[in-house]
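# An overview of the molecular structure
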Amino acid sequence: MQNSIASGVPLPERRFVKTHAMTKHNAPPRTARAGRAIGATPGRTMAAPLAAGCPIIWQRRARPGPGVFSAHHPVQGIPMRIETEVRLDFKDVLIRPKRSTLSTRSNVDISREFRFLHAKGEYHGVPIVAANMDTTGTFEMARALDAFEMSTALHKHHTVDEVVAFFRALERKSAAFYSMGIGAADDDKFGRVMAAAGTGADSAIRYVCIDVANGYTEGFVRLVAKIRERHPHLVIMAGNVVTGEMTEELILSGADIVKVGIGPGSVCTTRTMTGVGYPQLSAIIECADAAHGLEGHICADGGCATPGDVAKAFGGGADFVMLGGMFAGHDECAGEVVERDGRKYRRFYGMSSKAAMEKYAGGVAKYRAAEGKEVLVPHRGPVAGTVQEILGGVRSACTYVGARRLRELSKRTTFVRVSQQANEVFARA
Ligand code: 5GP
């Protein structure tokens, strides 16, 4: 991992904690105490002490990484793992300034060049991507962001003809990702789109985003592998996941870019509806580390609310950053314009919200609950103004740490943990 976190919070010691119940007769095997048996499940590691009737034992995972305790109740015999190391969000850190030879932010190059693990060809551009939500992943957004060498993941509800015509006319192929889900209808539509767009190196489509809320299913991994096998030329972005092992699995199955983020989105309610999620900055740091070890890439998706958050995502190791809420409310967005008290707003909603499901699936299916919400975003005019703010912020972050190019930002980033981000005196002004 290239970046570091300077923290005043002491981490728990890397050793077993001997409880009152642990004696030389029921203590875990030496290999486990030394951390060598950590690949095994906690249940297996702790089998000997449990058999000896030890009521409860706390175990510290030795290596690698963060603290994991497992508690076993001898009657129920159910292992419970609790990772105790605090995981971090953008709001928990700031980037520490460093001595720099850069005199002006205009000297900073925020474009990047990538070669991918599977797909041939080179990417060049500013690796910020508009989210494939039907409000932000529009053709208009793609044209506007293309002017800044940025990209747009088009939403998946365009017709085959529309999307093929758009890609045929697109010169900079990395300016847009074709998006698809994992249902049979998505697969069928993708087949028709690729048949029309052409396959192989001459295809009008080079970048594809395979997107699902939960990237941990076997079916998803199989689909990524199938598309990789059928379309070796495609740069495949796939997600979403938040942990290193699943990042590795997706990369080994054919993904070039793994999309990272479960629950951080501005109109996402997954964390409150399911209790599932992972603080986004830690997810980025851990997944980037895993991906880069295999020469893969990641796209940090969701949770950025300010240009500073975008800089932190890149500082944490993200190769690409995807933005939904920060691009919402602009002229290039879709979504009804509403007037309230003389002010204009645009509707913005999550793709798993009731609003989206009513629009595309005839309502919320009986077996599920919505995991997104709908909000009104003040109308913000052309997206170019917001782009300038984001790029200006990232450039300035690079200047503060002495990174001449965006690619140097993560190497030069040290995060400091903080209890406050900004002075709130005039927060409501
Ligand atoms: P934002 O930049 O707005 O914080 O996050 C955008 C991301 O939120 C999207 O790229 C997507 O991954 C995620 N997202 C969009 N709609 C929903 C939704 O309805 N539910 C959930 N859980 N996530 C969503």
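For the structure, see preceding data.
I will try to describe carefully the structure that is included in this document. Note on numbering: residues in each chain are counted from 1, in written sequence order. Given that the model is predicted, a residue must reach a pLDDT of at least 70 before its local features are reported, and side-chain atom pairs must reach 80 or more before they are shown or counted; all residues, however, enter totals for whole chains, interfaces and linings. In computing side-chain properties, one takes all heavy atoms of the structure into account and sets aside hydrogens as well as water.

## Structural notes on the site of the ligand
In the vicinity of the ligand, 20 residues are found, and the nearest of them are Ser266, Thr270, Asp301, Ser352 and Glu371. Gly303 is positioned such that a nitrogen or oxygen atom in its backbone is 2.9 Å from an oxygen atom of the ligand. When residues are sorted by character, Ala, Val, Leu, Ile, Met, Phe, Trp, Tyr, Cys and Pro go into the nonpolar class, Asp, Glu, Lys and Arg into the charged class, and all the rest, Gly among them, into the polar class. A breakdown of the residues in the shell around the ligand according to their chemical character gives six nonpolar, twelve polar and two charged. Any residue with a heavy atom positioned within 4 Å of a molecule or strand is treated as near that molecule or strand. We call two N or O atoms a polar contact when they sit within 3.5 Å, provided that within protein one can donate a hydrogen and the other can accept it, with sequence-adjacent residues counted only if both atoms are side-chain atoms.

## Points about the pairing of strand β13 (residues 297-301)
With respect to burial, β13 is a largely interior element, five of its five residues being buried. Accessible area is worked out with a 1.4 Å probe on protein chains only. A residue is then buried under 20% of its type maximum, exposed over 50%, and partly exposed in between. In this description a helix means any DSSP run of H or I spanning at least four residues, a strand means any run of E spanning at least two, and both kinds are numbered starting from the N terminus. In β13, alternate side chains face the same way, and those of His297, Cys299 and Asp301 on one face and Ile298 and Ala300 on the other are all buried. At least two bridges found by DSSP between two strands is the condition for calling them paired. With three bridges joining them, β13 and strand β14 (residues 320-323) adopt parallel strand pairing. Looking across to β14, one finds that Asp301 is bridged to Met322. With the strands pointing away from the viewer, any crossover whose connection runs clockwise from the first strand over the helix to the second is right-handed. Handedness of the β-α-β unit built from β13, helix α11 (residues 307-315) and β14 comes out right-handed.

## Things to note about the sheet that holds strand β11 (residues 235-241)
Spatial ordering of the closed barrel is given by β7-β8-β9-β10-β11-β12-β13-β14, a layout of eight strands whose pairing is parallel. This sheet shows a mean twist of 25 degrees between the axes of neighbouring strands, independent of strand direction. Sheet topology note: the strand β10 (residues 207-211)/β11 ladder contains five bridges and is parallel. Among the inter-strand pairings, Asp211 is bridged to a residue of β11, identified as Gly239. On top of the sheet, helix α4 (residues 139-146) reaches β7 (128-130) and β8 (151-153); it is set at about 160 degrees to β8, its chief contact. We call two residues contacting when some pair of their heavy atoms lies within 4.5 Å. To get an axis, fit a line to the C-alpha atoms, keeping to the stretch in contact for a helix; angles then go from 0 to 180 degrees between the N-to-C directions. Contacts between helix α6 (residues 184-197) and the sheet are confined to β9 (176-180) and β10, with β9 contributing the most and set at about 140 degrees to the helix.

## Some words on the packing of aromatic side chains
Centres within 6.5 Å make a pair out of two Phe, Tyr or Trp rings, where for Trp the six-membered ring is used; the pair is then stacked when the planes are under 30 degrees apart, edge-to-face when over 60, and tilted otherwise. Under the criterion given, the structure shown has nine aromatic pairs. With a centroid separation of 5.7 Å and 85 degrees between ring planes, the pair formed by Phe166 and Phe167 is classed as edge-to-face. Across this residue pair, the class does not change: Phe166 and Phe167 are buried. Summarising the aromatic geometry, the rings of Phe177 and Tyr207 are spaced 5.3 Å apart at their centres and angled 70 degrees between planes, so their arrangement reads as edge-to-face. Of this pair, Phe177 sits in strand β9 while Tyr207 sits in strand β10, and the two are 30 residues apart along the sequence. Comparing Phe177 with Tyr207, the two get one shared label, buried. By way of ring pairs, the aromatic residues Phe114, Phe116, Tyr123, Phe177, Tyr207 and Phe320 are connected into one cluster.

## Describing the nonpolar core
Core analysis: the largest hydrophobic core is formed by 83 residues, its most contacted members being Ile128, Phe167, Val310 and Phe327. With sequence-adjacent residues up to four places away left out, Phe327 is seen in contact with Ile128, Val129, Ala130, Thr136, Met141, Leu145, Met150, Cys333, Arg380, Val383, Val387 and Ile390. In these notes, a set of buried Ala, Val, Leu, Ile, Met, Phe, Trp, Tyr and Cys residues joined through side-chain atoms within 4.5 Å is what counts as a nonpolar core. Counting 21 residues, the second-largest nonpolar core is a separate cluster that includes Phe116, Tyr207, Val235 and Phe348.

## Looking at α6
Expected span of a helix: the number of residues minus one, times 1.5 Å. Counted at 1.5 Å a residue, the expected span for α6 with its 14 residues is 20 Å, and the 20 Å between its end C-alpha atoms agrees. Among all positions of α6, only Asp186, Lys189, Phe190, Val193, Met194 and Ala197 are buried. Each buried residue of α6 lies within a common arc of 135 degrees when the element is viewed along its axis, so the set occupies one face. Every exposed residue of α6 that faces more than 90 degrees away from the buried side is listed here: Ala184, Ala185 and Ala195. Of the surrounding elements, those touching the buried residues of α6 are α5 (160-169), β9, β10 and α7 (218-230). The arc in question is traced by the directions running from the helix axis to the C-beta atoms.

In short, geometric facts, not functional conclusions.
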